[in-house]
Amino acid sequence: MSATRLYDAGYRDLVSVIPPDAPLSERSRVDPSQRGKCPGRKGPGGWYGYNFVAAPRLDRDEAEQMAGWGANVGLKGEHFPGLDIDSDDPRLTAAVRRMAEKHLGP
């Protein structure tokens, strides 16, 4: 879903995320393996990381800009906590899920 659609739906704590195949700026310190996961902005020379925690809430113009860049969209975890269980071991995944539901709720 695009940043503008999310913005129009009432989400304001959006984070621009570097697309998986995006070209990185020569000056970027982002590891290429982190594209698709790492917050970033698009500049004239390619994508680079940014401090999304310190960034102010974006406005609709910035949401449109993100959509125009083709950015992936994230939500600031401060307001939208979640857990990503990356494991190929079904027993480990089940154990982490049980613990998460016990401490965080379903």
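Residues numbered from 1 in each chain as written. Predicted model: local features only at pLDDT ≥ 70, side-chain atom pairs only at ≥ 80, totals over all residues. Heavy atoms only, no water.

Q: Where do I start with helix H2 (residues 60-69) in this structure?
A: Along an α-helix, a turn takes 3.6 residues, which lines up residues three or four apart on a common side. Listed as buried for H2 are Ala63, Met66 and Trp69. Projected down its long axis, H2 carries its buried residues within an arc of 120 degrees, all on one side. Pointing more than 90 degrees away from the buried face of H2 are the exposed residues Asp61 and Gly68. At the N-terminal end of H2, a side-chain oxygen is found 3.1 Å from the backbone nitrogen of aspartate 61, two or three residues along, and the residue is aspartate 59. Immediately downstream of H2, the backbone of glycine 70 shows phi near 80 degrees, a positive value. (Buried < 20%, exposed > 50% of the residue type's maximum accessible area, 1.4 Å probe, protein only. Helix = DSSP H or I, 4+ residues; strand = E, 2+ residues; numbered from the N terminus. Arc of directions from axis to C-beta. Polar contact = N/O pair within 3.5 Å; in protein donor to acceptor, adjacent residues only side chain to side chain.)

Q: Before we go on, may I ask you to explain the environment of arginine 57 in this structure?
A: Positionally, arginine 57 belongs in the loop between strand S3 (46-49) and H2. Overall, the relative accessible area of 55% leaves arginine 57 in the exposed class. Along the chain, arginine 57 and leucine 14 lie 43 residues apart, while their C-alpha atoms are 7.4 Å from each other. Residues in contact with arginine 57, not counting those within four places in the same chain, are Arg12, Asp13 and Glu62. A polar side-chain atom of arginine 57 sits 3.0 Å from a polar atom in the side chain of aspartate 13. (Contact = heavy atoms within 4.5 Å.)

Treat this as a map of the structure, not an account of what it does.
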